[in-house]
2 protein chains.
Amino acid sequence: MHGIYVKGVLSVTGSERARQVELLSRGAAELISPAELEAKLSAADREGRPLRVKLGADPTAPDIHLGHAVVIRKLRQFQDLGHEVYFVIGDFTGRIGDPSGRSATRPQLDQAAIAANARTYEQQIYKMLDPDRTKLVFNSQWLAGLDFAGVIRLAAKWTVARMLERDDFARRFREQQPIGVHEFLYPLAQAYDSVALRIDVEVGGTDQTYNFILTRELQRDMGLSPQVVLTMPLLEGLDGTEKMSKSLGNYIGIAEAPEQMYGKTMSLPDALLERYLTLTTEVPQGEVASWAEGMRTGRLNPRDVKMRLAREIVTLYHGAGAASAAEAGFVRVFSERLQPEDMAEVILGPGPLPLAKLLVMTGLAASASEARRMVSQGGVKVDGVRAAAPMEAVTPTHGMVIQIGRRKWARVRLER
Amino acid sequence: MHGIYVKGVLSVTGSERARQVELLSRGAAELISPAELEAKLSAADREGRPLRVKLGADPTAPDIHLGHAVVIRKLRQFQDLGHEVYFVIGDFTGRIGDPSGRSATRPQLDQAAIAANARTYEQQIYKMLDPDRTKLVFNSQWLAGLDFAGVIRLAAKWTVARMLERDDFARRFREQQPIGVHEFLYPLAQAYDSVALRIDVEVGGTDQTYNFILTRELQRDMGLSPQVVLTMPLLEGLDGTEKMSKSLGNYIGIAEAPEQMYGKTMSLPDALLERYLTLTTEVPQGEVASWAEGMRTGRLNPRDVKMRLAREIVTLYHGAGAASAAEAGFVRVFSERLQPEDMAEVILGPGPLPLAKLLVMTGLAASASEARRMVSQGGVKVDGVRAAAPMEAVTPTHGMVIQIGRRKWARVRLER
């Protein structure tokens, strides 16, 4: 690092600041704006204080996957330059649930569930973030105390027409699907988080752009300096088309075991390799470009590039040792041809089901009783792990390999 | 009255209840629904309790005119049957003002101004309402304490699309005029007033129909019995076309002096006589119909009917003696032809202006100096009252008569 450390922030020269802006905007979908970010960096430097960088998190889904990690690793870059991350858990709306009763995906959470989710977040984010430069906060802290008058003042900052410009609202309005009036309050509440925390920079996925810009205007309207907005691309899941998400089952969780992470990565379509290398690893851009070129010209086998990607990903979350072991395991199975390259694919939904039933559905067993017998004889493996109980619930994931003995194989493809 | 008095409410027979429904719906624009009102009356009777009847009032405009009186006199009918009126002063929104800063008509009011307005209301409404059966309440009492979670739960009861069905929102949305998100919260706050007060019947002008129906649905959604809605027609002002309102200057205030009330009534267009007799007096419907018929056939001179209307109105607010005196004064001036029947009309805006300037604008004086001289000589009268100071501010009202000596006359017509 160039520069000297002053009160926790690197004091840097102008040209070094330009380099920082370049670094921070690497891989970003949008930065509003480079000039504002440079000015914020400069002000922080002058005042000897870190920038306050925010990420908002859903209180209901504490499983962090590589899609989230794209954003969280960007936060780490800010921390490495001495800045402070506010990891905001949106427990306020979580506690209310969906008062319209329409959405099953927003159940009401109690205090204990929210605390448990927060602990799960902590266990995961500190694989990427520096705990000393991370503040985990709950937005109920400032939102629960807002009274009706405060809500009215907040809501007066935005118009109905502009709210209806947001993609999802526009679509639902056009298609005459109901939008609850309360839903117009959520983007405002999220914006108020930035006001309450005096945020300098907000980072998130491109699906948050509207909310972030609303926040900027709200801050301006209140006489505050508008936050810099940095959005990251949304990562496609293992199926290669849909956004990575837990509910679609097309994800790699950052808390998954090294072998599982490695194996799932190996099930990626070749077309996504360059994008994954760019967004999910630390491999320098030049190298990524040269590999992509190598695959285009046929100089490189995509399978080798994919193995490199898998090793990079496992290394990030489990270290180089675990990555080597996972790779060795994969190579052993693969080179020994224990796992055939072209095996039957079975299309399944994402929900869990008993192993015996799964075996029948995949056609590997003729009946439930045959399936139970084969499991109890120890001949059944799921992703290379021997199954012990025929009624054990198995949640199909994309690329999951099910095997009976040495000859019967099937690979799961998740239906969309 | 038929029936006996039990705990303050008349205990009545079924046929008497049907008569009450007929009486209460007399003159109404809409009653939702007669059957529900009858059921509420029946329940109140059974439980030996009065119905809770609500009127919402604007905290910024405490001048009550005949247009408001149409609604307030309907409340009196409920009181005469033993029921209880909740006169709700909307001080909550008054205290917030217009946070968007767009509307000059909704300034922020402080505690003292609201208390003063409330006293002014009391002085006026008890000319019509029974103080023993009237509760004057302020909605900040329950709205100020509502927290953000409560607001979200409330807002979840209604959709954006349905909100945009309200006439004024629909028009502004269509014409691309901004609607603040906070404006969607006001009808919900108003509905919450009815919930907090456990209202049985809400009475108001037809411009409130949307809000009242929203309230019914909100109550139903909360498992409460929906309020009966009774809307009264909006009274046209002295100009004969626009709704009576203070800001248009086309009103007769119920606190105005008898002579002024009488004179303003005499300036009404003949076409409004039947409507005014129906909505602003106690003259039985049969009699009103017969007079209307008399005017159509030429049997009655509209001027005589108008004098009867004027006497009825003054009697309601100042008693029979004051009405007779006002009439005598009018007849004297009129029969002595001091005021010519066809005098020049001058079109003016509603804002106040110095008397001397008014005289020049009406053409009664050639210059400001001539106007000043004529006032100081005591030759100028406004509505029959001698003017003392040339720089005194005069607020033009519709039908106001300005006179210099015995020969120069002008009548004000307010521009719309």
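Check the entry above for the structure.
Everything in this summary refers to the structure shown in the same document. Just so it is clear, the model here is predicted, and its values are computed rather than measured. (Residues numbered from 1 in each chain as written. Chains lettered and ligands numbered in written order. Predicted model: local features only at pLDDT ≥ 70, side-chain atom pairs only at ≥ 80, totals over all residues. Heavy atoms only, no water.)

### Topic: the sheet that holds strand 7 (residues 201–205) of chain A
Residue and element names in this part refer to chain A.
Alright, step 1. Taken together, the six strands give an open sheet; going across it, the order is 3-8-7-4-5-6, and neighbouring strands pair in mixed fashion. Unpaired on one side and paired on the other, strand 3 (30–32) and strand 6 (134–138) mark the two borders of the sheet. Pairwise comparison of adjacent strand axes, ignoring direction, gives a mean angle of 20 degrees for this sheet.
Alright, step 2. As defined by bridge partners, strand 4 (residues 52–57) adjoins strand 5 (residues 84–89) across six bridges and the pair is classed as parallel. Bridge pairing in strand 5 links lysine 54 to tyrosine 86. (Pairing = 2+ DSSP bridges. Helix = DSSP H or I, 4+ residues; strand = E, 2+ residues; numbered from the N terminus. Axes fitted to C-alpha atoms, helices over the stretch in contact; angles between N-to-C directions.)

### What about the side chain of aspartate 130 of chain B?
Residues and elements named next belong to chain B.
Alright, step 1. With respect to the helices and strands, the residue aspartate 130 is situated in the loop between helix 5 (111–125) and strand 6 (134–138).
Alright, step 2. The buried charged residue aspartate 130 lacks any salt bridge, with arginine 133 as its nearest oppositely charged partner at 4.1 Å.
Alright, step 3. Filtering out sequence-adjacent residues up to four positions away, aspartate 130 remains in contact with Arg76 and Gln79. (Buried < 20%, exposed > 50% of the residue type's maximum accessible area, 1.4 Å probe, protein only. Lys, Arg positive; Asp, Glu negative; His and termini not counted. Salt bridge = Lys/Arg side-chain N within 4 Å of Asp/Glu carboxyl O. Contact = heavy atoms within 4.5 Å.)

### A few points about the relation of the copies chain A and chain B
Alright, step 1. Structural alignment of chain A on chain B gives an RMSD of 0.2 Å, achieved by rotating through 179 degrees and translating 0.0 Å along the axis. Both copies are brought into coincidence by an operation consistent with a two-fold rotation axis. Residue aspartate 147 of chain A of chain A places its C-alpha closer to the rotation axis than any other residue of that unit, at 2.3 Å. (Least-squares fit on C-alpha atoms with pLDDT ≥ 70 in both.)

### Section: the packing of helix 7 (residues 148–155) of chain A against helix 10 (residues 185–196) of chain A
Residue and element names in this part refer to chain A.
Alright, step 1. Two elements in contact, helix 7 and helix 10, have axes whose closest approach is 10 Å; the angle formed by their N-to-C orientations is 95 degrees. As far as their axial angle goes, helix 10 and helix 7 are roughly perpendicular. Only Leu185, Leu188, Ala189 and Tyr192 of helix 10 make contact with helix 7, whose side of the interface consists of Val151, Leu154 and Ala155.
Alright, step 2. Looking at the contact of helix 7 with helix 10 residue by residue, the class counts come to seven nonpolar, no polar and no charged. (Parallel < 35°, antiparallel > 145°, perpendicular 65-115°, else oblique. Nonpolar A, V, L, I, M, F, W, Y, C, P; charged D, E, K, R; others polar.)

### Some thoughts on the pairing of strand 5 of chain A
On a regular strand, each side chain points to the face opposite its neighbour's, so the side chains alternate between the two faces of the sheet.
All names here are of chain A.
Alright, step 1. Counting buried residues along strand 5, six of its six residues qualify, which places the element largely inside the surrounding structure.
Alright, step 2. Side chains Glu84, Tyr86 and Val88 of strand 5 all project onto a buried face; the interleaved residues Val85, Phe87 and Ile89 project onto the opposite face, where all are buried too.
Alright, step 3. Direction of pairing for strand 5 relative to strand 6: parallel, over a ladder of five bridges. Along strand 6, the bridge assignment pairs phenylalanine 87 with leucine 136.

### Describing the sheet that holds strand 11 (residues 380–382) of chain A
Residue and element names in this part refer to chain A.
Alright, step 1. With mixed pairing, the five strands of this open sheet are ordered in space as 9-15-14-11-12. Edge strands, defined here as strands with exactly one partner in the open sheet, are strand 9 (344–348) and strand 12 (385–386).
Alright, step 2. Where strand 11 lies against strand 12, two bridges are found, and the strand directions are antiparallel. Considered in strand 12, the bridge of lysine 381 is made with arginine 386.

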